[in-house]
Amino acid sequence: MDNPVDPTLMDLADGRLRLRGGRCAACDEIHFPVGTACPRCGGDDIRVEPLADEGVLWSWTVQRFPPPSPPYVPSAAEFTPFGLGYVELPGQVIVESLLTECDPARLHIGMPMRLVEFSVPTESGETAVTFAFTPWEGHAS
Amino acid sequence: MSVAIIGAGCTPFGRYHGTTVRAEAVRAVRLALGDAGIAWSDIDYAVGGSLSGGSADSLVSELGLTGVPFINVLNGCATGSSSLLSAVHAIESGAARRALVLGFDSHPRGAFTISTGQMGLGRWYGTTGMAVTAQFFALKIQRYLHEHDLPPRLLSAVAAKAFHNGSLNPNAWRRKALTAADIENSAMLVDPLRQFMLCSPGDGATALVLCAAETAKRYRPDPVYIRAVAVRTRRPGSFEVLSPSLSIRPGHSPTVDAAAAVFEQAGIAPAEVGLAQVQDTDAGAEIIHLAETGLCAHGEQTELIDSGATALDGRLPINTDGGCLANGEPIGASGLRQIHENVLQLRGTAGAHQVARDPGVALSHVYGAPGLSGCTLLTR
């Protein structure tokens, strides 16, 4: 695969993309991406662990106007609307993510989602891999 | 009730042409001083701020070099509330007798550009299109409508009210009344929010003059009293703008804490509030903030809005000057615009947008990145 858009976000474990979460040794809170301290208690003993790659859609929107560029890489002329949401990884954390789906008729809160690789342009004109969630058809929530 | 507002000045909000943000800031100060009937040389403490308009204290070169202590404040959307809090503390402590509070700003057209580095976010968050504040407002109201079973049509109703109120306010940027149908027909920008449901960054300036409550009637017969001011940052589990992840253990917004603090400090109950200005960066934010401030229960908004309670002639008028939707959002000025409006309403001098029922208590509320809120309770 292409280089990750940021190597601290994710790992390939057994050929599967997994997000890297940070679990606080003091209060057990999980956050993403891994920071230097726990956002709940400020504890700085953070253990990195792979997050679940399945979850449920917690909220969603469709970005229909070009975000200010920079920082967004595609120019306004290249822009196409994209889905964006929060996906709850049960028992772990709620992760903000690009969605592979941007048709509002096909997005609803509570639907099952799974993690996929997603190619994005970089500032240097190449492509990189980031993460996205995709509807997981046929999987009961 | 130890500090009073004796002067308020606000110049028209919008997009400056043929004037500058500094000139408008100076004009707002002079309007506030004139309203209080005092001179700049009578001010012995000044505080204010602006995100993009320059340093507030540099305006002494146009106001007069009196040697006054002038504190610059920069606290996002709570810049105005934080400046007000600083002035209240200065007067309460005896360090100041007559204080000036100033907020002004001017922003470029379009969505705010977020510096991921300055917000503690990875570069990837911006390059992949996630550093957009409007997304947060969309994601929060989308979740909120779902959790509390509220109909999306409330968003159009809130926006239509804002533009109606703005059409009656000579200082408002958007002065054309729009119907719910006009709003429903505007472009969808970030589902479920359409063009006319989102405020725009803009230009504006507002100033206030404060003094100790016991001396207020020397200056004017109708001072407005500051019963409480509070600023709060987020606590664990809240859902905030620019958050790559959220806790599965939910907590409440800093709005809940700031509002609870002012009601407790003032010994006033939410039911006593006669009108309120709440942060309406988007129409959904007004719906959420009505409940987060304690003005109604979660889920009660449908009945409140459908019954007309939040209109100028209702029992709880909200965003009576058109709010951010009709006035735009100059970060440094926005919170003080709300206070200026509440002062006019409590004096009974708001003109065409004066509320129908004689209010005794007015609440104002701001919310912004990276998760902070400011609330102020005023009484006659």
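Because the structure is a prediction, the values reported are computed rather than measured. (Residues numbered from 1 in each chain as written. Chains lettered and ligands numbered in written order. Predicted model: local features only at pLDDT ≥ 70, side-chain atom pairs only at ≥ 80, totals over all residues. Heavy atoms only, no water.)

**As for the overall build of chain A**
We count it as follows: Each helix corresponds to a stretch of at least 4 residues labelled H or I by DSSP, and each strand to a stretch of at least 2 residues labelled E; elements are numbered beginning at the N terminus. What the globule rule says is 2.2 Å times the number of residues to the power 0.38, and the radius of gyration is computed from C-alpha atoms. Burial here depends on accessible area, computed with a 1.4 Å probe over protein chains only, as a share of the maximum for the residue type. Under 20% is buried, over 50% is exposed, and the range in between is partly exposed.
Per the secondary structure count, chain A includes zero helices and nine strands. Radius of gyration (C-alpha) of chain A: 16 Å, near the 14 Å computed for a compact globule of 141 residues. Along the longest, intermediate and shortest principal axes, the C-alpha atoms of chain A span 50 × 40 × 30 Å. For chain A, the residues scored as buried account for 47% of the 141 residues in total.

**Observations regarding the packing of aromatic side chains**
Keep this limit in mind: Whether two aromatic rings pair depends on their centres lying within 6.5 Å, for rings of Phe, Tyr and Trp, where Trp uses its six-membered ring; planes under 30 degrees apart make the pair stacked, over 60 edge-to-face, and the rest tilted.
This structure, assessed with the given rule, holds 15 aromatic pairs over all chains. Ring geometry for Phe79 of chain A and Phe82 of chain A: centres 6.2 Å apart, planes at 70°, overall edge-to-face. Here Phe79 of chain A falls in the buried class, since its relative accessible area comes to 13%. Relative to Tyr125 of chain B, the ring of Trp124 of chain B lies with its centre 5.5 Å away and its plane at 85°, an arrangement referred to as edge-to-face. Here Trp124 of chain B and Tyr125 of chain B have matching classes, each one buried.

**Points about the sheet that holds strand β12 (residues 372-379) of chain B**
Residue and element names in this part refer to chain B. Put simply, the rule is: Only strands that DSSP links by at least two bridges are regarded as paired with each other. The axes used here are C-alpha line fits, helices contributing only the stretch in contact, and every angle between their N-to-C directions lies in the interval 0 to 180 degrees.
Strand order in the open sheet formed by nine strands is β3-β2-β4-β7-β1-β8-β12-β11-β10, and the pairing between neighbours is mixed. Since the sheet does not close on itself, it has two edges, and those belong to β3 (70-72) and β10 (275-277), each with one partner. Averaged over all pairs of adjacent strands, the angle between strand axes in this sheet comes to 20°, irrespective of strand direction. Bridge count between strand β2 (residues 45-49) and β3: three bridges; the pairing is parallel. In the strand pairing of β3, Gly48 is matched with Asn72.

**So, the nonpolar core**
Our working definition: Only buried residues count toward a nonpolar core, which is a set of Ala, Val, Leu, Ile, Met, Phe, Trp, Tyr and Cys residues joined through side-chain atoms within 4.5 Å.
Among the nonpolar cores identified, the biggest contains 101 residues, and Leu19 and Phe131 of chain A together with Leu193, Val273, Leu363 and Leu377 of chain B are the most heavily contacted of them. Looking at this core element by element, the count peaks at eight residues for helix α5 (residues 133-148) of chain B. Core analysis: the next-biggest nonpolar cluster, separate from the first, contains 34 residues, Val47, Ala87, Ala96 and Leu336 of chain B among them.

**Thoughts on the pattern of salt bridges**
Residues and elements named next belong to chain B. Test applied: What counts as a salt bridge is simple: a side-chain nitrogen of Lys or Arg found within 4 Å of a carboxyl oxygen of Asp or Glu.
Applying the stated criterion across every chain yields a total of 25 salt bridges over all chains. Salt-bridge contacts for Glu62 lead to Arg22; the nearest nitrogen and oxygen are separated by 3.3 Å. Here Glu62, found in helix α2 (residues 60-63), pairs with Arg22, found in helix α1 (residues 21-36); they are 40 residues apart in sequence, far enough to count as distant. Look at Glu62 and you get partly exposed, because its relative accessible area is 36%.

**Details of helix α6 (residues 153-167) of chain B**
Residues and elements named next belong to chain B. Threshold: For a helix, the expected span equals 1.5 Å multiplied by the number of residues minus one.
Between its terminal C-alpha atoms α6 stretches 21 Å, which fits the 21 Å expected from 15 residues at 1.5 Å a residue. Within α6, twelve of the 15 residues are buried, leaving the element largely enclosed by the surrounding structure. Leu154, Leu155, Ser156, Val158, Ala159, Ala160, Lys161, Ala162, Phe163, Asn165, Gly166 and Ser167 are the residues of α6 that are buried.

**Description of the environment of Asp2 of chain A**
In plain terms, the rule: In what follows, residue pairs with any heavy atoms lying within 4.5 Å of each other are defined as contacts.
Examined against the element boundaries, Asp2 of chain A turns out to sit in the segment before β1 (10-13). If sequence neighbours within four positions are ignored, Asp2 of chain A has contacts with Ser119, Thr127, Ala128 and Val129 of chain A.

**Notes on the interface of chain A and chain B**
The line we're drawing: By convention, the term buried area covers the 1.4 Å-probe accessible surface removed from two parts as they join, with the contributions of both added. Ten residue types, Ala, Val, Leu, Ile, Met, Phe, Trp, Tyr, Cys and Pro, are classed as nonpolar, four, Asp, Glu, Lys and Arg, as charged, and the remainder, Gly among them, as polar.
The partner chain B presents 35 residues to the 45 residues of chain A that form the contact. Of the roughly 3500 Å² buried where chain A meets chain B, counting both sides, 61% is carbon and sulfur surface. Considering only the surface of chain A that becomes buried against chain B, Arg40, Trp58 and Phe65 of chain A emerge as the three largest contributors, covering 17% of it. The tally of links from chain A across to chain B stands at three salt bridges. Notably, a salt bridge pairs Arg249 of chain B with Glu29 of chain A, separated by 2.8 Å at the nearest N-O pair. Elements with a minimum of two residues in the side of chain A that touches chain B: β5 (54-63), β6 (82-89), β7 (93-99) and β9 (127-135) of chain A. Here the side of chain A that touches chain B is composed, by residue class, of 28 nonpolar, nine polar and eight charged. Bridge count between β7 of chain A and strand β9 (residues 245-246) of chain B: two bridges; the pairing is antiparallel. Bridging across to β9 of chain B, Ile94 of chain A finds its partner in Leu246 of chain B.

**A look at the state of the cysteines**
Let me state the cut-off plainly: We call a pair of cysteine sulfur atoms a disulfide whenever their separation is within 2.5 Å.
For the coordinates displayed, the defined rule picks out zero disulfides over all chains. Unpaired in this structure, Cys296 of chain B has its nearest cysteine sulfur neighbour in Cys375 of chain B, at a distance of 14 Å.

**So, the packing of α5 of chain B against helix α9 (residues 283-292) of chain B**
All names here are of chain B. For clarity, the threshold we go by: Each angle receives one of four descriptions, namely roughly parallel if under 35 degrees, roughly antiparallel if over 145, roughly perpendicular if within 65 to 115, and oblique otherwise. Crossings are sorted by hand: turned counterclockwise from the far helix by less than a right angle, the near helix makes the crossing left-handed, and turned clockwise it makes it right-handed.
At their nearest, the axes of α5 and α9 sit 9 Å apart, and the two run at 60° to each other. Taken as axis vectors, α5 and α9 run oblique relative to one another. The way α5 lies across α9 gives a crossing that is left-handed. Residues Lys140, Ile141 and Tyr144 of α5 form the contact with α9, whose own contacting residues are Gly284, Ile287, Ile288, Ala291 and Glu292. Looking at side-chain class alone, the contact of α5 with α9 contains five nonpolar, one polar and two charged residues.

**Description of the packing of α6 of chain B against α9 of chain B**
Residue and element names in this part refer to chain B. Close contact between α6 and α9 brings their axes to 8 Å; oriented N to C, the two are set at 100°. Classified by the angle between their axes, α6 and α9 sit roughly perpendicular to one another. Across the interface between the two elements, Leu154, Leu155, Val158, Ala159 and Lys161 of α6 pack against Ala283, Gly284, Glu286 and Ile287 of α9. Along the lines of polarity and charge, the residues of the contact of α6 with α9 split into six nonpolar, one polar and two charged.

**Structural notes on the environment of Ala266 of chain B**
Residue and element names in this part refer to chain B. Of note, Ala266 is situated in helix α8 (residues 254-266). Taking the relative accessible area as the measure of exposure, Ala266 reaches 10% and is therefore buried. What Ala266 contacts, discounting residues up to four positions off in sequence, is Arg227, Ala228 and Leu377.

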